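# Residue-level structural notes
Here's the letter readout for the chains.
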Amino acid sequence: MSHKITVRQLIHQLQTVDPDLPAYLAINPDWPHAHYIDRIVEAPGPNGAVYLAENGQEGVLPPQVRTELDWADV
């Protein structure tokens with residue numbers, strides 16, 4: 001899988017899940033915590049991108065999430 005994901009691909013993936021569930025970031029397999037999402041910022045232009053800001057952490061990721069991410073043995 002590519003290291004980059006487009007906004008279109010992200011929206012497509014998000015459309016397959018329950019829209020009323022909370023969304024978190026899973027960032028680091030060595031520190032497997034759920035992180036809150038803060039602001040979403042667009043940097044326009046030819047090299048533009050969308051950035052999801054992290055806003056603190058919720059707690060440790062559930063074991064089934066770590067398994068799905070292949071972080072279970074880390």
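One structure accompanies this document, and this report is about it. Predicted model only: the values in this text are computed from it and were never measured. (Residues numbered from 1 in each chain as written. Predicted model: local features only at pLDDT ≥ 70, side-chain atom pairs only at ≥ 80, totals over all residues. Heavy atoms only, no water.)

Next up on the list: the pairing of strand β2 (residues 33–43). For strand β1 (residues 24–26) and β2, the ladder comprises 3 bridges, and the chain directions are antiparallel. Within β2, the residue paired with Y24 across the bridge is Y36. Relative to strand β3 (residues 49–60), β2 runs antiparallel, the two sharing 8 bridges. Each bridged residue has a counterpart across the sheet, and for A34 the counterpart in β3 is G59. Where β2 folds back onto β3 in an antiparallel hairpin, the turn is made up of 5 residues, including G45, whose phi is positive at roughly 115°. (Pairing = 2+ DSSP bridges. Helix = DSSP H or I, 4+ residues; strand = E, 2+ residues; numbered from the N terminus.)

Read from one edge to the other, the open sheet built from 3 strands follows the order β1-β2-β3, with strand pairing classed as antiparallel. Two strands bound the open sheet, and with one partner strand each, they are β1 and β3. Averaged over all neighbouring strand pairs, the angle between strand axes comes to 45°, with direction disregarded. (Axes fitted to C-alpha atoms, helices over the stretch in contact; angles between N-to-C directions.)

Turning our eyes to something else, we now look at the environment of W31. Examined against the element boundaries, W31 turns out to sit in the loop between β1 and β2. Judged by relative accessible area, W31 falls into the partly exposed class, the value being 49%. As for W31 and E54, which are separated by 23 residues in sequence, their C-alpha atoms are 15 Å apart. (Buried < 20%, exposed > 50% of the residue type's maximum accessible area, 1.4 Å probe, protein only.)

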